[in-house]
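Okay, here's what each chain looks like letter by letter:
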Amino acid sequence: MEKSRNDIITEKAKMRYAEALKIIGDMYDSVFAKNDAFPYTRVELFADFDAYLQAALIKVCYENGNFGEESMRFIENITDYGKLIEGTDITFFADCVKDMRDKLAEKAEERLKEVSLCFKLSGAVDSGREVGATKALLDHIIKIAFNLKLLNGNSDVKNNADIISALKSIYVFMMANGISIK
């Protein structure tokens, strides 16, 4: 059976997601797991990343007015460990009324105000060493968000202000901590 365009886009995004989890897992294994006082497990870090990723993707959809079934399925299925709203299937928000979209967007905005723990940890790893973990994580999220935009044939793929807006707290965090995005 031949894969559809949307299947290929989703597969590419899932590959990026797996690569981001590998970075997080490697950081955990090589640095943080060795510290008995570190309060988070590997799975908790993955779940935190997932909630942040879903929030960013929802914000991109909200800014583009695209809460269609394909986009919501993409957001629901891209993550494996955590959710923006635990116990809630994001696909329920497909083609929903404006009030529900606004509530979901508010929840996403709340989550995006705080930098994901994974980015804080990658910033600590990068601090003074230019390892590039933070930049790599950011790159993966940007490409996943771009893939989301590609699902909707009406999206302006040349203007990525929506993605930049969704990830603003990460950019601010990186600049405040002297972490290079180049």
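Residues numbered from 1 in each chain as written. Predicted model: local features only at pLDDT ≥ 70, side-chain atom pairs only at ≥ 80, totals over all residues. Heavy atoms only, no water.

(A) Examining empty space enclosed by the protein more closely. Counted under the stated rule, the structure contains 1 cavity of 30 Å³ or more. By volume, the largest cavity amounts to about 30 Å³. Lining of the largest cavity is provided by Val60, Cys61, Asn64, Asn66, Ser71, Leu148, Lys149 and Ser155. Taken together, the elements giving at least two residues each to the lining of the largest cavity come down to α2 (42–64) and α6 (133–151). Ranked by the residues each element gives to the lining of the largest cavity, the list is headed by α2, at 3 residues. A breakdown of the residues in the lining of the largest cavity according to their chemical character gives 3 nonpolar, 4 polar and 1 charged. (1 Å grid on protein atoms, 1.4 Å probe; cavity = no way out; pocket = protein on both sides within 12 Å on 5 of 7 lines; lining within 4 Å. Points joined across faces, edges and corners; volume = space filled by probe spheres on them. Helix = DSSP H or I, 4+ residues; strand = E, 2+ residues; numbered from the N terminus. Nonpolar A, V, L, I, M, F, W, Y, C, P; charged D, E, K, R; others polar.)

(B) The arrangement of the pattern of salt bridges in detail. In total, this model carries 15 salt bridges according to the counting rule given. As a salt-bridge pair, Glu11 and Lys3 come within 2.7 Å of each other at their nearest N and O atoms. Residue Glu11 is classed as partly exposed on the basis of its relative accessible area, which comes to 38%. Exposure remark for Lys3: the relative accessible area of 46% places this residue in the partly exposed category. (Salt bridge = Lys/Arg side-chain N within 4 Å of Asp/Glu carboxyl O. Buried < 20%, exposed > 50% of the residue type's maximum accessible area, 1.4 Å probe, protein only.)

(C) Fine view of helix α8 (residues 168–176). All of the buried residues in α8 are Ser169, Ile170, Tyr171, Phe173 and Met174. Backbone geometry just downstream of α8 places Gly178 in the positive-phi region, at approximately 65°.

(D) A look at helix α5 (residues 117–126). For α5, the tally of buried residues reaches 8 of 10 residues, placing the bulk of the element in the interior. The set of residues buried in α5 consists of Leu117, Cys118, Phe119, Leu121, Ser122, Gly123, Val125 and Asp126. In this structure, the buried side of α5 is in contact with α1 (5–32), α2, α6 and α8. (Contact = heavy atoms within 4.5 Å.)

(E) Structural detail: the environment of Met100. When you line up the elements, Met100 lands in helix α4 (residues 98–113). Sequence-wise, Met100 and Val115 are 15 residues apart; in three dimensions their C-alpha atoms are separated by 25 Å. Met100 has contacts with Phe92 and Phe93, leaving out every residue within four places of it along the chain.

(F) Expanded view of the packing of aromatic side chains. Inspection of every chain in the model, using the stated rule, returns 7 aromatic pairs. Their ring planes at 55° and their centres at 6.1 Å tell us that Tyr28 and Phe38 sit as a pair that is tilted. Taken together, the residues span a long stretch of sequence, with Tyr28 in helix α1 and Phe38 in the loop between α1 and α2 at a distance of 10 residues. Grouping residues by exposure puts Tyr28 and Phe38 together as buried. Taking the centre distance of 5.6 Å and the plane angle of 65° together, the rings of Phe38 and Tyr40 count as edge-to-face. (Phe/Tyr/Trp six-rings, centres within 6.5 Å; stacked < 30°, edge-to-face > 60°.)

(G) Representation of unusual backbone geometry in the model. In this model, Asp95 sits at a positive phi of 55°, which is unusual for a non-glycine residue. By secondary structure assignment, the location of Asp95 is in the loop between α3 (69–78) and α4.

(H) Here's a closer look at the nonpolar core. One finds Phe49, Leu57, Phe74, Ile75, Leu137 and Leu167 to be the most contacted residues of the largest nonpolar core, which totals 57 residues. Mapped onto this core, the elements with two or more residues apiece are α1, α2, α3, α4, α5, α6, α7 (161–166) and α8. Residues in contact with Phe74, not counting those within four places in the same chain, are Thr10, Ala13, Leu57, Ile144, Asn147, Leu148 and Leu151. (Core = buried A, V, L, I, M, F, W, Y, C linked by side-chain atoms within 4.5 Å.)

(I) Layout of the confidence of the model for the chain. On average, residues of the chain carry a pLDDT of 91, and 99% of them reach 70 or more. Taken element by element, the chain is modelled with least confidence in α7, mean pLDDT 90, and with most confidence in α2, mean pLDDT 95. (pLDDT = per-residue confidence, 0-100.)

(J) Examining the packing of α6 against α8 more closely. In the contact formed by α6 and α8, the axes pass within 12 Å of each other and the chain directions differ by 165°. As judged from the angle between their axes, α6 and α8 are roughly antiparallel. Handedness of the crossing formed by α6 with α8: left-handed. Judged by residue contacts, Thr134, Lys135, Leu138 and Ile142 of α6 engage Ile170, Tyr171 and Met174 from α8. Looking at side-chain class alone, the contact of α6 with α8 contains 5 nonpolar, 1 polar and 1 charged residues. (Axes fitted to C-alpha atoms, helices over the stretch in contact; angles between N-to-C directions. Parallel < 35°, antiparallel > 145°, perpendicular 65-115°, else oblique. Left-handed = near helix turned anticlockwise from the far one by under 90°.)

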